[in-house]
Amino acid sequence: MALPDSRLNNDLGDTIVSVKNLKKYYPVGRGFFRRQHALLHAVDDISFDVARGEVLGLVGESGCGKTTTGRMLVRLTNPTSGSIIVDRTDVSSISSADMGPFRQRVQMIFQDPYESLDPRMTIFDIVSEPLNVNHIGNLEQREERVAEMLTRVGLTPPATFMFRFPHELSGGQRQRVAIARALVVNPSFVVADEPTSMLDVSIRTGVMKLLMELREDFGISYLYITHDLAVARYLCDRIAVMYLGKIVEIAGSEEVIKNPLHPYTRALISAVPVPDPAVARPVPNVRGGVSKPINPAPMCRFYERCPVAQKVCRESDHPELREVEGNHLAACHLL
Amino acid sequence: MDALLSVEDFTMHYRTKAGWVQAVDGVSFALKRGQSLGLVGESGCGKTSVAMSIMRLLPYNSEIKQGRITLGGRDVYAMTSEEFRQVRWKEISMIFQAAMNALNPVYTVGSQIVEAIVEHEPETTEEEARRRVAELFDLVGIPAERADHYPHEYSGGMKQRAVIAMALACNPSLIIADEPTTALDVIVQDKILREMEEIRRRINMSMIYISHDISVIAEVSDIVGVMYAGKLMEIGEADDVFKRPRHPYTYGLMHAYPSILGSKRDLATIPGEPPNLMSPPPGCRFNPRCDRATDECRAVEPPLTKVGPEHRIACHNPVWAPSRGGEQVGAAR
């Protein structure tokens, strides 16, 4: 059966994803009497790379644009402008004929395993569907491949799972099915959108470990979207922090956690609860609440909430992301 | 002991078509005035069922098999429903899970709280109730003029604050908060938890926090109770439970969480999945997932026994090593 082996592609460059000046604006407030609509800047001019075999964490609060970014990378959402190159393919110019081969190399795992699996399909149908649509293998080969994947994600023995329906499985098992479905075509890049946030703790660790094992075994690169910095620290090589459509900081995971530079990252880190009653956390140094980036004024996005904001932050445009320390980028006028 | 709330050997099952679901089984704990209790456990462990039992809000298909719940010395289930109506909201109130979505969209937030006050305290005039709402909003940090706004004009965090104000409306001595911050972002969560704790201290109120997040529980609780499959597995003062968890489930739960403190470490996995509560395993309900299980664990259900002055566990074969969490005390952030 003809499956692309992503491990063979290693000599063809070490960047798998390259995003440049990516934007996604949504019209809002359009009504019958209001022709002129405002624009919500969900993702506003972000650029980043993912190295082959790397896990990049995209972290931020709800509404910061992290899911929209992930969806654009697999072309479930079309960007307003900007370029996305995934595995040497320009995502924005893929023709519908080339969509099939593209989806074999790029997959997505969704947050909610209760919604992402069709309740009327058996586990075999769900996991083999990507093989069907891409005409990979005959029935026998598909069965073999599905059994192999189910075993690999810990649903053993596969025969006891293949012909069951999603409602017969627990949340953790469903998410394992979703992972098997994403990886059955042997993709080289996977967008994982909060794949463990709906799962209970004792189940979550197992799924996180599974994702990491699969990365080792299949040489997969991930964009791992999460709101949980502790999870990102555990899973990701680098972390990008998003705030209102902008990447405000990006660096190695330990570097972001131990030496956060941007005032927003600092606030975010100090707000994470700690499982130790003896630790007194400092009060996060941030004002007000999150607003929506609708027709944002040309100043720093974080200005309203920033504890250290100066005149320059209001008077100049949102700061560029730039290297402040070695391989540690931040977007702040004051750094 | 001057317990405000006492739950004694409480067992409550749900009747379903498929059989009895043993949702709460032999749970006992007591709470003093001004104390906060954190109940932690995974979905389906019975923590919300315990809250609903205390609030006397159980569905029709529930049955109390044994035990009792007393509030201020009075048996909750011996009161007539009219008597308990006087207790609910005035002595004990609850912040429900995702309650911020339960605000009625067609009434202003203020009028919904006024209604709750007037309903439970008929002697209060609307004028007085309005003034109380202004005080409550001040207490939870919402500008008073926002009382005339509708829920859709509030952010998620503000809705949650309004729901807290509503729970405080009749000056209860105990509030049960079921996952009060689960849908919120961390920065908002941090603010709301700090505010709730400050209010609790200021008016010497008792609090039961219910959460799946052991970190949230660690931050707000004087006493921590860990539930698993309808059973209270471990309960004790927060410092004891977190520094020296004795029950293997508590220990596993604590080490399954990644932390942003200390050095990056490997995570412990708890194998398997929680049992079906229609046919829980014999003996200890955790035994199929426990790496310390013995024949005794598989046959005899462990009773809740004392291992310290205020520390009790239900385990035949407890953990004696201190948790790694304890070693990290004082670690630089």
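Throughout this document, residue positions are counted from 1 along each chain, in the order its sequence is written. Here every chain gets a letter starting at A, and every ligand a number starting at 1, in the order they are written. Residue-level local features of this predicted model are given only where pLDDT is at least 70; pairs of side-chain atoms are given and counted only at 80 or more, and the full residue set underlies all totals for whole chains, interfaces and linings.

K.L.:
Help me out: how do you make sense of the overall build of chain B in this one?
P.N.:
Strands here are runs of E lasting at least two residues and helices are runs of H or I lasting at least four, both read from the DSSP assignment and numbered beginning at the N terminus. The helix and strand inventory of chain B stands at 11 helices and 12 strands. Over its C-alpha atoms chain B spans a radius of gyration of 21 Å, differing by no more than 12% from the 20 Å that the globule rule assigns to 333 residues. Expressed as lengths along the three principal axes of its C-alpha atoms, the size of chain B is roughly 65 × 50 × 40 Å. Counting across all 333 residues of chain B, residues that qualify as buried make up 47%. With the radius of gyration taken over C-alpha atoms, the globule rule is written as 2.2 Å times the number of residues to the power 0.38. Partly exposed residues are those whose C-beta has more than 12 but fewer than 20 other C-beta atoms within 10 Å; 20 or more makes a residue buried and 12 or fewer makes it exposed, with C-beta atoms placed from the backbone.

K.L.:
How do you make sense of the domain arrangement of chain B when you look at a structure like this?
P.N.:
Reports often express the size of an interface as the amount of accessible area lost when the parts come together. Residue and element names in this part refer to chain B. Domain boundaries in chain B define domain 1 (3–91 + 172–327) and domain 2 (102–171). Each domain's limits were defined by an automated method or a database of domain assignments. Of note, the centres of domain 1 and domain 2, computed from C-alpha atoms alone, are 30 Å apart. In this assembly, 12 residues from domain 1 lie in contact with 13 residues from domain 2. Here the element with the most residues in the side of domain 1 that touches domain 2 is helix α6 (residues 186–202); it accounts for five residues. Only Asp, Glu, Lys and Arg are considered charged, only Ala, Val, Leu, Ile, Met, Phe, Trp, Tyr, Cys and Pro nonpolar, and every remaining residue, Gly among them, polar. The residue inventory of the side of domain 1 that touches domain 2, partitioned by class, reads 10 nonpolar, no polar and two charged. Contact between two residues is assigned whenever their backbone-derived C-beta positions fall within 7 Å.

K.L.:
Explain the sheet that holds strand β3 (residues 36–40) of chain B to me, please; I cannot follow it from the model alone.
P.N.:
Within a sheet, each strand pairs with its neighbour through backbone hydrogen bonds, oriented either parallel or antiparallel. Residues and elements named next belong to chain B. Should DSSP find at least two bridges between two strands, the strands are taken to pair. On the basis of which strands lie adjacent, the open sheet formed by eight strands has the order β6-β7-β8-β3-β9-β10-β12-β11 and mixed pairing. Looking at strand neighbours, the two that pair on one side only are β6 (92–95) and β11 (305–308), the edges of this open sheet. Sheet twist, expressed as the average angle between the axes of neighbouring strands with direction ignored, equals 20°. Alignment of β3 against strand β8 (residues 206–211), held across five bridges, turns out to be parallel. Residue pairing in the sheet places L37 in a bridge with I208 of β8. For every element, the axis is a line fit to its C-alpha atoms; helices are fit only across the contacting stretch, and the angle between N-to-C directions ranges from 0 to 180 degrees.

K.L.:
Before we go on, may I ask you to explain the sheet that holds strand β2 (residues 38–51) of chain A in this structure?
P.N.:
Residue and element names in this part refer to chain A. One open sheet holds the four strands; their spatial order is β2-β1-β4-β5, and the pairing between them is antiparallel. The two strands at the open ends of the sheet, each matched to only one other strand, are β2 and β5 (89–90). Sheet topology places strand β4 (residues 81–86) next to β5; two bridges connect them, and they run antiparallel. Residue pairing in the sheet places V86 in a bridge with T89 of β5.

K.L.:
Before we go on, may I ask you to explain the packing of helix α7 (residues 201–218) of chain A against helix α9 (residues 248–256) of chain B in this structure?
P.N.:
The relative placement of two packed helices is expressed as an angle between their axes plus a distance between the axes. At a closest axis distance of 9 Å, the pairing of α7 of chain A and α9 of chain B adopts a crossing angle of 45°. The angle between α7 of chain A and α9 of chain B falls in the class oblique. With respect to the hand of their crossing, α7 of chain A and α9 of chain B are arranged in left-handed fashion. From α7 of chain A, V201, S202 and T205 of chain A reach across to α9 of chain B, where they touch G252, L253 and A256 of chain B. Tallied by class, the residues present in the contact of α7 of chain A with α9 of chain B amount to three nonpolar, three polar and no charged. Angles below 35 degrees are treated as roughly parallel, those above 145 as roughly antiparallel, those between 65 and 115 as roughly perpendicular, and all remaining angles as oblique. Note on convention: near helix rotated counterclockwise from far helix by under a right angle means a left-handed crossing. Clockwise means right-handed.

K.L.:
Explain unusual backbone geometry here, please?
P.N.:
The general pattern is negative phi for most residues beyond glycine and trans for most peptide bonds. Residue P157 of chain A is bonded to the preceding T156 of chain A through a cis peptide linkage, with omega at -10°. Along the chain, P157 of chain A falls in the loop between α4 (139–152) and α5 (159–162).

K.L.:
Could you clarify how one ought to interpret helix α3 (residues 123–133) of chain A in this entry?
P.N.:
Residues that lie three or four places apart on an α-helix share one face, since the helix turns once every 3.6 residues. Residue and element names in this part refer to chain A. Listing the buried residues of α3 in full gives I123, I126, V127, S128, P130 and L131. Looking at the buried positions of α3, the neighbouring elements they touch are α4, α5 and α6 (171–183). Once α3 finishes, H135 follows within two positions and takes phi at roughly 50°, a positive value.

K.L.:
Help me understand the interface of chain B and chain A, please; the structure alone is not making it clear to me.
P.N.:
In this assembly, 36 residues from chain B lie in contact with 34 residues from chain A. Going through the elements one at a time, α6, α7 (214–220), α8 (238–243) and α9 of chain B are the ones with two or more residues in the side of chain B that touches chain A. The leading source of residues in the side of chain B that touches chain A is α7 of chain B, at five residues. In terms of residue class, the side of chain B that touches chain A is made up of 18 nonpolar, 10 polar and eight charged.

K.L.:
So what exactly am I meant to see when it comes to α4 of chain A here?
P.N.:
Residue and element names in this part refer to chain A. Helix span is expected to be 1.5 Å times the residue number reduced by one. With 14 residues, α4 should reach 20 Å at 1.5 Å per residue; the first-to-last C-alpha distance of 20 Å fits that figure. When we look at burial in α4, the residues that qualify are R145, V146, M149, L150 and R152. Buried positions in α4, seen along its axis, are confined to an arc of 155° and lie on one side of it. Structural note: α4 exposes E140 and E148 on the side pointing more than 90 degrees away from its buried face. Where α4 is buried, its residues meet α3, α5 and α6. Just downstream of α4 lies G154, where phi reads positive at about 90°. By definition, the arc is the one covered by directions from the helix axis to the C-beta atoms.

K.L.:
Can you help me understand the pairing of strand β7 (residues 174–178) of chain B in this one?
P.N.:
Side-chain direction in a regular strand flips from residue to residue, so the side chains alternate between the two faces of the sheet. Residues and elements named next belong to chain B. With five of five residues buried, β7 is to be regarded as a mostly interior element. Alternating residues of β7 divide into L174, I176 and D178 and I175 and A177, and every residue in both groups is buried. Pairing of β6 with β7, which is carried by four bridges, proceeds in the parallel orientation. Bridged to M94 within β7 is I176. Whether a crossover is right-handed comes down to one check: with the strands pointing away from the viewer, does the path from the first strand over the helix to the second run clockwise; if it does, it is right-handed. The handedness of the β7 to β8 crossover, carried by α6, is right-handed.

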